[in-house]
Amino acid sequence: MTDLKNKAAKKSGFNRRDFFRGSGAIAAATALQTQTADAFQDQSPQIISGETTITLNVNGKDHQVKAEPRTTLLEVLRYQLDLTGAKPVSSDGSSGASTIFVDGKPMTASTILALQAAGKKIETVESLGGDAVQQAFVKYDAEQCGFCTPGFVMAVRSFLNKKPNASEAEIRSGLNGNICRCGTYANIVEAAISVAKGGN
Ligand code: FES
């Protein structure tokens, strides 16, 4: 089994260990969390207790939801709005599986409180429709269990929005805040490269 894995890694020239070594995944995850914290620093402190009804703008529509001070945005998205694309893999956001856009920036929904998200423009993977990134993931078979996939799709979309013609090295570096336990990095990078080259 180990030989088979080694052969596969040799063939693709890329394996799980290379990904972690080369990418600094932990550092990037920390950067994403810092970005999340910074984005909410301008909100003035308020004392709120118990359940509150708030309006969240998600995928272009306003939704009335109920949230306690401890309720995360991820919980509201999944359990009240039935938007289950963002996944509850890591409460500290280190997996990147709950990546969404808040006011156009990639952030992890597991590290944002629902109350903090009121007044922000929230976009989930469900908003992408038939986006080229999604199509490329299908074409290049860029998933196994699929648990990390929505987070990766959002991360790739966000990165290519910033750098539409990104090189392979830039893509590898730009995706290092997301982790795939199944090790499908080679196909994910291939899918992202194809979109950067104008195809899918
Ligand atoms: S495909 Fe299973 S975690 Fe990425």
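Residues numbered from 1 in each chain as written. Predicted model: local features only at pLDDT ≥ 70, side-chain atom pairs only at ≥ 80, totals over all residues. Heavy atoms only, no water.

Colleague: Could you clarify how one ought to interpret the overall build of the chain in this entry?
Modeller: Looking only at helices and strands, one finds 9 helices and 5 strands in the chain. Its helices and strands in sequence order give the chain the pattern α-α-α-β-β-α-β-β-α-β-α-α-α-α, from N to C terminus. A burial count over the chain gives 43% of its 200 residues as buried. Within the chain, counting contacts between residues at least 6 apart in sequence, those at least 24 apart form 61% of the total. Total accessible area on the chain stands at roughly 10600 Å², and carbon and sulfur atoms take up 50% of it. (Helix = DSSP H or I, 4+ residues; strand = E, 2+ residues; numbered from the N terminus. Buried < 20%, exposed > 50% of the residue type's maximum accessible area, 1.4 Å probe, protein only. Contact = heavy atoms within 4.5 Å. Areas by Shrake-Rupley, 256 points an atom, 1.4 Å probe, with all protein chains shown as cover.)

Colleague: Looking at this model, I keep getting lost on the packing of helix α7 (residues 149-162) against helix α9 (residues 185-196). Mind explaining?
Modeller: Two packed helices can be described by the angle between their axes and the distance between those axes. Viewed as axis vectors pointing N to C, α7 and α9 meet at an angle of 35 degrees, and their least axial separation amounts to 11 Å. In terms of crossing hand, the pair formed by α7 and α9 is right-handed. Packed against α7, whose contacting residues are F152, V156, R157 and L160, the element α9 presents Y185, I188, A192, V195 and A196 at the interface. Tallied by class, the residues present in the contact of α7 with α9 amount to 8 nonpolar, no polar and 1 charged. (Axes fitted to C-alpha atoms, helices over the stretch in contact; angles between N-to-C directions. Left-handed = near helix turned anticlockwise from the far one by under 90°. Nonpolar A, V, L, I, M, F, W, Y, C, P; charged D, E, K, R; others polar.)

Colleague: Help me out: how do you make sense of the nonpolar core in this one?
Modeller: Grouped burial of nonpolar side chains is what soluble globular proteins tend to show. With 27 residues, the main nonpolar core has F137, F152, V156, L160, I171 and L175 as its most contacted residues. Broken down by secondary-structure element, the contributors of at least two residues to this core are α6 (132-139), α7 and α9. Looking at this core element by element, the count peaks at 8 residues for α9. Discounting chain neighbours no more than four positions away, the residues touching L160 are A166, A192, V195 and A196. Membership of the second largest hydrophobic core comes to 21 residues, among which are I54, V65, L81 and A86. (Core = buried A, V, L, I, M, F, W, Y, C linked by side-chain atoms within 4.5 Å.)

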